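# Inside the fold
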Amino acid sequence: MQRIRSGFVLALVLALSVGVQAADQAQIKRGEYLSRAADCMACHTAEGGAPFAGGLPIHSPFGTIYGSNITPDNAFGIGNYSADEFFAALAQGKRKDGANLYPAMPYTSYHLIKREDADDIRAYLMTVAPVHRPAPETKLSFPFNVRLGLTGWNMLYGKSVELQSTDGKSEAWQRGQYMVEVLGHCGECHTPRNSIGALQQDQRLTGGLLNGYLAPSLLAKDLAERGWTQPDLTTFLKHGMSAQGTMFNEMFPVVHHSTQHLEDSDLAAMATFLLGDQPPPAKVVQSVSFDQLDDSAKRGHQQYLNVCAGCHGVEGEGKPHIAVAMQGNTVLRQADSRNLAKVIYEGIGEQQFTGFERMQPMPGFADKLSDEQVADLINYLRQAWGGLPADLSVQQLAQLKAE
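All of the points below concern the structure found in this document.

Calculation notes
- Residues numbered from 1 in each chain as written.
- Predicted model: local features only at pLDDT ≥ 70, side-chain atom pairs only at ≥ 80, totals over all residues.
- Heavy atoms only, no water.
- Phe/Tyr/Trp six-rings, centres within 6.5 Å; stacked < 30°, edge-to-face > 60°.
- Lys NZ or Arg CZ within 6 Å of the ring centre and 35° of its normal.
- Patch = residues over 30% accessible without salt bridge, like charges linked within 9 Å, V, L, I, M, F, W, Y side chains within 5 Å.
- Areas by Shrake-Rupley, 256 points an atom, 1.4 Å probe, with all protein chains shown as cover.
- Salt bridge = Lys/Arg side-chain N within 4 Å of Asp/Glu carboxyl O.
- Helix = DSSP H or I, 4+ residues; strand = E, 2+ residues; numbered from the N terminus.
- 1 Å grid on protein atoms, 1.4 Å probe; cavity = no way out; pocket = protein on both sides within 12 Å on 5 of 7 lines; lining within 4 Å.
- Points joined across faces, edges and corners; volume = space filled by probe spheres on them.
- Nonpolar A, V, L, I, M, F, W, Y, C, P; charged D, E, K, R; others polar.
- Pairing = 2+ DSSP bridges.

### Here's the deal with the packing of aromatic side chains
- Tallied over the full model, the rule gives nine aromatic pairs.
- Three or more aromatic residues joined by ring pairs make a cluster, and in this case those are Tyr304, Tyr380 and Trp385.
- The side chain of Lys114 reaches across the aromatic face of Tyr178, ending 4.8 Å from its centre.
- Geometry around Trp173 places Lys169 over its ring, the cationic atom sitting 5.0 Å from the centre.

### Side note on a nonpolar patch on the surface
- A cluster of nonpolar side chains, contributed by Phe142, Val146 and Leu148, occupies part of the molecular surface with about 360 Å² of accessible area.
- For Val146, the position within the fold is in the loop between strand E3 (139-140) and helix H6 (150-157).

### Examining empty space enclosed by the protein
- Inspection of the entire model under this criterion finds two cavities of 30 Å³ or more.
- Each pocket or cavity is described by its volume, and for the largest cavity that value is around 50 Å³.
- Every residue lining the largest cavity is listed: Ser35, Arg36, Asp39, Cys40, Met41, Phe52, Tyr124 and His257.
- When residues of the lining of the largest cavity are traced back to their parent elements, those giving at least two are helix H1 (2-37) and helix H2 (40-44).
- In terms of residue class, the lining of the largest cavity is made up of four nonpolar, two polar and two charged.
- The computed volume of the second largest cavity comes to approximately 30 Å³.
- Among the residues making up the lining of the second largest cavity, the classes are represented as four nonpolar, two polar and one charged.

### Describing the sheet that holds E3
- Taken together, three strands build an open sheet; the order of strands is E1-E2-E3 and the sheet is antiparallel. The two strands at the open ends of the sheet, each matched to only one other strand, are strand E1 (57-60) and E3.
- Relative to E3, strand E2 (residues 63-66) runs antiparallel, the two being bridged by two bridges. From the neighbouring strand, Thr64 faces E3, where its bridge partner is Lys139.

### What about the layout of surface pockets?
- The computed volume of the second largest pocket comes to approximately 990 Å³.
- Forming the boundary of the second largest pocket are 41 residues, of which His44, Ser68, Asn69, Arg95 and Leu101 lie nearest the centre.
- Breaking the lining of the second largest pocket down by element, the ones donating at least two residues are H2, E2, helix H3 (83-92) and helix H5 (115-125).
- For the lining of the second largest pocket, the residue count by class is 25 nonpolar, nine polar and seven charged.

The values reported here are purely geometric and, on their own, carry no functional implication.
Here it is as structure tokens:
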């Protein structure tokens, strides 16, 4: 009888142990997925560096901030952070030692994260390879280098991001709001900031400047104006490309590290939130013949044939695996042409998307085209395929370059 009882106890202990391990593995798997949704790797991994080991330079008007090491290293990472301390860092912008984190860390959005999601992310991060290396020291100009000063900033702006009412909204819309506004923290780039770096909530998701580029408006009416539909936006988030073009600049790491790894249902929910349960109809741009072009756009047509048509096609049809189409391209349909100008001047590096999809590098033309020629080229692209007037002046172009 004693042997039977002992055997039963041992079997029970083993069963409980297996159950705990299974629960732990499930939490870690959820945490890995949530870390993808929260795009942790993009800011905490330097180019060519170990995952989550920090060191990525994040440029701001106040100086360069470096992504911190969030591997489970005890000295330089988060290895000795408790669950409560990790949650405080994520949701309140507080380090383990109580010092304030700079709001390049999007705790202004993460303050709405569910506690169980934060715990799951921590559980996953504790399983990655620890890296015993400090991130470069952040050095900002005075007074922004005084972390204590962020206490007042946090009181004013630390929890300014609020969720919309879910009354009458679909489950997909509600899930999409959490994915976009909290985990994805899209508003951190797509919302303008004031002179001290706080999000201007009265202009939420209307677009923001980032390293000379415009993170465009994500409002439903503006997305529809640029040709977006829910299926296309879902595809864009999944693959980094759609009929409207491809992700580039700061959005490319988002698809590379984050959105391509998310479930289709979550991506569709994000598109549902952004465009609404009843999305506005996507605007269709009518083609414009050469005779209808303004004088500047006619001159720009020749520039397009000289330097663009070889890759993007004479009729703007693009070439698969080489260059995107100009027809229907969302960048051409932005009233603010700074992104178009920046790409023409600086080019885009080679990009690898999902599967075997690639886009070859696009050279910059800063040393080949004058400002007058670039202005004409932009006016051609705007009027021929963007549905916009050919009214960009050389003076306006100079202002965009200066900004």
